[in-house]
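# Analysis of the macromolecular model
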Amino acid sequence: MPAPASRVRRDLQGLRAIAVLAVVATHLTGWPRGGFVGVDVFFVLSGFLVTGILLSDLENEGTLRLGAFFARRVKRLLPAALAVLAAVVGAAFMIFSPVRAESILFDALSAVGLVSNWHFGLAGRDYFAVSDVSPLQHFWSLSVEEQFSVAWPFLVLLAVATLPVAARRARPGRVAVGLLAGAVVVASGVAALLQTPADPSLAYFSTVTRAGELATGAVIAAAAPVLARIPAAARGSLAWIGVAVITAAFFFIDPGAPFPAPVAALPVLGAALVIGAGIGGDPRHRHLFVLTNPLAVTIGDLSYSLYLWHLPVIVFAGVLLAPGPAATAITVLAMLVLTVATYLGIEQPLHRAPWATRGPVEQPKPAAPTPSKPVPAERRSSALASRPAGYVPGKRYYPGSRSTSAVVPELAVATASAPRPPDGDERMPVPPASIDAGTAPPWAAWRARFAPRVAMAGATLAIGAGATALAVMLAYGAPTLPGLPAAVPAPVDVAAEAGDALSVLQGELAAASTATSWPELHPSLDEAQRASSSANRAHDCFTPGVPLDAGRCTWGSADAPRHLYLVGDSSAMAYAPAFAKLADDSGGAWRVTTVGMYGCRFTDVLVESRDPSVMAVCGQRKADVAAMVGASPADLLVVSNAFTLGRSVDGRDLDAGELVSAIASEVTGWAPAGHTVYLAPPPHGVDLGRCVSPLTGPSSCLAGIDDVWMQMQTATEAHAALTGDLAISALPFSCWQGVCPAFAGHTPVRYDDTHITPAFAERLAPILRGALAERGLY
């Protein structure tokens, strides 16, 4: 006798659809600004579905079939994820610089190991950063879910271990699981409230702070029999309220606010209302048309593949396509092609493959905690008795046709385990329905069912690739590859006079701003990016947790009669090699001490930083530097801080004028009147991890001068004019006619989008010496 047809909860499919569309739209366009909380909706869904399957096993088997459970998870999630990871790593080595490609390879390995969230969280990665985004950063949510899915079955077993077997099949098992899930919700919520203000980056990615969201879904699954008794009218109202709450979260949650606690409770509550309200009702939920319409259900079907592909496509398109409406449309097209091809050709066929099943056909246990009305046996028998011989449920019958038992009809998924969410929810396998399972070899039936879909996936990929290439050509013209390295001037003699050094450097910047190919750089851009700030000899003088040591951070003769201090955040650290060389070349006239801390602006107000280790010690570091200068007074003080706006720790936004005044107030009295120099950092450049590629030329790395930089420089010059101090602009030695290239001659200018390389800094020594001498300060 065939297995009874199961029912699909269309509202859950629609819930997946709005969640994944919100995530994709936010990553692609920045609107809605809170769309990233779609991931929180997926967490609740996943906890509900996984727990529903476990409870079904407990009630039908008296225990958990862990082998079958984990086999289904592997078949369901791994093939498509591995395909995306392999494609992204391969494309990274073709498109990105080796440094960024190697970083993406490590991101992929962490995803395979299901520790992506810890990899990004412990590295202090800012999820909302717009530069240097990993195309695999979204795998963090899959890691959280799978860590939960690995641990949760064992916790459920422990929760019911003390119950007798008979009780496990009845209500006490649900009560035990519900109490366990409730405890996880409370503990995780407390952890999130404590962790979010202390370390927002780690709190965002942490399994500990997110487990409560998955456990919320588990509570709903455990309470399903109770929720099923809610009156139909009330269920409909609750579902619509849940949709409204989720929508409000998309538009009103601010990415800049602390997250996840407490505001993540909003999308979690909305998802819980929709999921709980749908238990026990008509799975079609026609009243909830915003979620149950055919388009929403179809997007829900595609949601896992869409989630896997959306961020890689967005990141790669950001490198290869100039920003604009055409780039957005092409990105969406490529995303759609890859999603459909992966769903048809990888996700569904391998998910439904007959391996890792019991026998030729595995009849699934109902995964839904939703009760359904049984069909009387006599009605089923009489209905089947009226069918012709060889009748197969779901197959159209033609009189006189030859019957076959090898046909696999399209059966729906059980109510509580509707198809895949983008964060990897469980879906029960669909068995072949036949009168005699023994006459239908599983692999033959599988091939008959999925071979056309694989062929359709190949056609989708081929046609879609052609359409995408055509769209690129229509929007941007035929692509051109960079040419061979162009001839460049010989390296500059850094010992030249200040005027000559600046003149030569400006000529190199001018040539770099129109270059069509990369010259041979020393060090190479790859070497500069790998070394980052570690190649800076003053690195430890600006590192939190490393005690200040004047002896280790001072260059030049200890007996030098004049003492220069360079202080500030990482902008000052980047300039340190220039001043160290200035001291070394002074003939014993100057000693230079370079001290500060990256991320810690030298202002008399504490400016917010996303790095909690910086926030904890910034105030003390400034006090220690002030004491150091007091103990060995400065003849000349050079201050350099980031030219970005900021916010004080009490939540007050600081404009350019306020920041400049705060810097001056902090260092007042550290040097004789008129002997303070405000040295501007270079304008922000393009993220080298994105713009340096074998497929692009140096023009991809050209940057302009942002408005905030100009505001900060104008305010600095105005303040210096009032106090008789000196403000040095970075534009003459970093940009040419408003264009800032990534290299000058044979020297890379920056190793990221902000900081100059030590090699370039040393080239600035004669230029800075000349600027100081011009004012009689050197």
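Now for a description of the structure that goes with this document.

The rules behind these values
- Residues numbered from 1 in each chain as written.
- Predicted model: local features only at pLDDT ≥ 70, side-chain atom pairs only at ≥ 80, totals over all residues.
- Heavy atoms only, no water.
- Helix = DSSP H or I, 4+ residues; strand = E, 2+ residues; numbered from the N terminus.
- Expected span 1.5 Å × (residues − 1).
- Buried < 20%, exposed > 50% of the residue type's maximum accessible area, 1.4 Å probe, protein only.
- Contact = heavy atoms within 4.5 Å.
- Salt bridge = Lys/Arg side-chain N within 4 Å of Asp/Glu carboxyl O.
- Pairing = 2+ DSSP bridges.
- Right-handed = clockwise from strand over helix to strand, strands pointing away.

### Observations concerning helix α12 (residues 232-252)
Its 21 residues give α12 an end-to-end C-alpha distance of 30 Å, which sits within 8% of 30 Å, the value for a rise of 1.5 Å per residue. The set of residues buried in α12 consists of R235, G236, A239, G242, V243, V245, I246, A249 and F250. Packed against the buried residues of α12 are α1 (10-29), α2 (38-61), α13 (265-277) and α14 (289-292).

### Brief notes about the pattern of salt bridges
Enumeration according to the criterion identifies 13 salt bridges in this entry. Between E102 and R530 there is a salt bridge; the shortest N-O distance is 2.8 Å. Placement of E102 in helix α4 (residues 98-112) and of R530 in helix α20 (residues 525-531) is noted, with a sequence separation of 428 residues between them. Here E102 falls in the partly exposed class, since its relative accessible area comes to 30%. Among the residues examined, R530 registers a relative accessible area of 44% and is labelled partly exposed. With a shortest N-O distance of 3.5 Å, D584 and R537 are connected by a salt bridge. Of this pair, D584 sits in helix α21 (residues 570-584) while R537 sits in the loop between α20 and β1 (554-556); the two residues are 47 residues apart in sequence, bridging distant segments of the chain. Given a relative accessible area of 40%, R537 falls into the partly exposed group. What emerges from the salt-bridge pattern is a single network uniting D40, R210 and E213.

### Looking at the pairing of strand β2 (residues 562-568)
The buried count for β2 comes to six of seven residues, which makes it a mostly enclosed element. Sheet topology places β2 next to strand β3 (residues 590-596); seven bridges connect them, and they run parallel. Considered in β3, the bridge of V567 is made with V595. After leaving β2, the chain enters α21 and then returns to the sheet as β3, a path that is right-handed. Sheet analysis places β2 next to strand β4 (residues 636-640), joined by five bridges and oriented parallel. If you follow Y565 over to β4, its bridge partner there is L637.

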